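Descriptive analysis of the structure
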Amino acid sequence: MITERIRAMLEACETGRPVFPPSTLFNEGWLLRLVLDWFERHGGDRYPLSPRPGARWFSEPWLPSAFLPRYRGDRLAEARSHADAVLGHFTVGDPGTAGLALQDDADQLVVIEAKLYARLSTGVKNAPYYDQAARTVACMAEILRRADRRPESMEDLALVILAPQARLDDGVFAWDAAPDAIRRKVRRRVEDYAGERDDWFRDWFEPTCRRVDVRCLAWEEVVEVIAFHRPEEGQVIDSFYGRCLHHNRPQVRAAFPGPRKGASGDRARADAFGLAVPAPRPPRRRPARVAPNGRA
């Protein structure tokens, strides 16, 4: 009964009479789940989102960090990191204790970050420079360390950033996802510990950073692959993707910080996303005040 009512409420998002914001359903999280579910059911071809034999996927896991609190009030510490999804050979326990743990014989670990219009998240409270890309690769190194699984033994070790083609063409993620930039940010994070994390950086992070494949992948490319194998299912997912873009489209000026004089920059960026920017209105003139004698 409960699941039927939940289904009815979700279906209402498509009828034009939703009982909650349609973006609760039409978002990158559900889009990613649909895509991973499809690749799990249609294995065979090697693709960045294809599970290897015996692998699984899990949405919104917590990843362990090498920089968890050492004591109460640790000013350098951070919490476990949240990922949009992970694909590979792992188990998931209580997020408050174990979180995600790699299996002893694992050969696949793929962390996936799904975006529509947003950028990768910025740094943590105690390290503003330590952004999402660097944090995720460091967490992957910690996952391997806890399992005592050398990065060189992994057949598939990757961080995949999924985003609209227009965002990738704009180079939004290029600098954050660059291996040298990731290495510099993690090295700076380690230096804050004054030698306490040097062994971890040398023995686990550096080999992981050399081995991991950090790549950006367009949603449009993923949909095209699905449509090639299953045209009808590809059409359904493509329609869902379109609704996700529609219900999450940002206000252009708010989404792109920077100088706001003139509309040309906003219009160019909006055109890349297929957004309409209204023509600028002439300034509104105040009516002249009329004196009691009838003269203006």
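Check the entry above for the structure.
A brief structural summary. Fair warning: this is a prediction, and the values are worked out from it, not measured in the lab.

Overview of the overall build of the chain
Per the secondary structure count, the chain includes ten helices and nine strands. The proportion of buried residues among the 296 residues of the chain is 44%. Within the chain, residue pairs in contact and separated by at least 24 positions form 68% of the contacts whose partners lie at least 6 positions apart. Carbon and sulfur atoms make up 51% of the accessible area of the chain, which amounts to about 16800 Å² in all.

Some details on helix 2 (residues 28-41)
At 3.6 residues per turn, the α-helix brings residues three or four places apart onto the same side. Taking 1.5 Å per residue as the helical rise, helix 2 with its 14 residues ought to reach 20 Å, and the 20 Å between its terminal C-alpha atoms agrees with that figure. Where helix 2 is concerned, the buried positions are Leu31, Leu32, Arg33, Val35, Leu36, Trp38 and Phe39. On its buried face, helix 2 sits against strand 1 (56-59), strand 4 (85-88), strand 7 (108-114), strand 8 (156-163), helix 7 (219-229) and helix 8 (231-248). Backbone nitrogen of Gly29 and a side-chain oxygen of the N-cap are separated by 3.0 Å at the start of helix 2; the cap is Asn27.

Things to note about the pairing of strand 4
Side chains of strand 4 alternate between two faces, with Ala85 and Leu87 and Val86 and Gly88 buried alike. Judged from the four bridges that link them, strand 1 and strand 4 form a sheet pairing that is antiparallel. Looking at strand 4, one finds that Ser59 is bridged to Ala85. Sheet topology places strand 4 next to strand 7; four bridges connect them, and they run antiparallel. Each residue of the ladder has a partner; that of Gly88, found in strand 7, is Leu109.

Regarding the packing of helix 3 (residues 132-147) against helix 5 (residues 179-191)
Two elements in contact, helix 3 and helix 5, have axes separated by 9 Å at closest approach and are oriented at 75°. If you check the angle between helix 3 and helix 5, you find them roughly perpendicular. The segment helix 3 lies against helix 5, with Ala133, Ala134, Val137 and Ala138 engaging Ile182, Lys185 and Val186.

Some thoughts on the nonpolar core
Core analysis: the biggest nonpolar cluster contains 47 residues, and Tyr130, Val186, Trp200 and Phe205 have the highest contact counts within it. Looking at this core, the elements that each hand over two or more residues are strand 6 (100-102), strand 7, helix 3, strand 8, helix 5 and helix 6 (198-211). The greatest single-element share of this core, amounting to ten residues, is contributed by helix 3. Excluding anything up to four places from it in sequence, Val186 contacts Tyr130, Ala134, Ala138, Trp200, Phe201 and Phe205. Core analysis: the second largest hydrophobic core is formed by 31 residues, Ala85, Leu162, Val222 and Phe240 among them.

Some points on the layout of surface pockets
One number sums up the size of the largest pocket: a volume of about 300 Å³. As for the largest pocket, its lining consists of Leu10, Glu11, Glu14, Leu25, Phe26, Trp30, Leu34, Val236, Ser239, Phe240 and Arg243. Every element with two or more residues in the lining of the largest pocket is listed here: helix 1 (2-15), helix 2 and helix 8. Of all the elements, helix 8 adds the most residues to the lining of the largest pocket, at four residues. For the lining of the largest pocket, the residue count by class is seven nonpolar, one polar and three charged.

So, a negative patch on the surface
There is a patch of like negative charges on the surface, built from Asp169, Asp170, Glu220 and Asp238. Relative to the elements of secondary structure, Glu220 occurs in helix 7. Judged by relative accessible area, Glu220 falls into the partly exposed class, the value being 32%.

Considering the pattern of salt bridges
Inspection of every chain in the model, using the stated rule, returns 17 salt bridges. Beyond isolated ion pairs, a larger network of salt bridges with shared partners links Arg70, Asp74, Glu196 and Arg197.

Re the sheet that holds strand 7
Here we have five strands laid out as an open sheet, ordered 1-4-7-8-9, and mixed in their pairing. Single-partner strands in this sheet number two, and they are strand 1 and strand 9 (213-218). When the angles between neighbouring strand axes are averaged without regard to direction, this sheet yields 20°. Docked against the sheet, helix 2 engages strand 1, strand 4, strand 7 and strand 8, running at close to 170° with respect to strand 1.

Here is what the cut-offs are and how they apply
- Residues numbered from 1 in each chain as written.
- Predicted model: local features only at pLDDT ≥ 70, side-chain atom pairs only at ≥ 80, totals over all residues.
- Heavy atoms only, no water.
- Helix = DSSP H or I, 4+ residues; strand = E, 2+ residues; numbered from the N terminus.
- Buried < 20%, exposed > 50% of the residue type's maximum accessible area, 1.4 Å probe, protein only.
- Contact = heavy atoms within 4.5 Å.
- Areas by Shrake-Rupley, 256 points an atom, 1.4 Å probe, with all protein chains shown as cover.
- Expected span 1.5 Å × (residues − 1).
- Polar contact = N/O pair within 3.5 Å; in protein donor to acceptor, adjacent residues only side chain to side chain.
- Pairing = 2+ DSSP bridges.
- Axes fitted to C-alpha atoms, helices over the stretch in contact; angles between N-to-C directions.
- Parallel < 35°, antiparallel > 145°, perpendicular 65-115°, else oblique.
- Core = buried A, V, L, I, M, F, W, Y, C linked by side-chain atoms within 4.5 Å.
- 1 Å grid on protein atoms, 1.4 Å probe; cavity = no way out; pocket = protein on both sides within 12 Å on 5 of 7 lines; lining within 4 Å.
- Points joined across faces, edges and corners; volume = space filled by probe spheres on them.
- Nonpolar A, V, L, I, M, F, W, Y, C, P; charged D, E, K, R; others polar.
- Patch = residues over 30% accessible without salt bridge, like charges linked within 9 Å, V, L, I, M, F, W, Y side chains within 5 Å.
- Salt bridge = Lys/Arg side-chain N within 4 Å of Asp/Glu carboxyl O.
- Lys, Arg positive; Asp, Glu negative; His and termini not counted.
- Charge placed at Lys NZ, Arg CZ, Asp CG, Glu CD.

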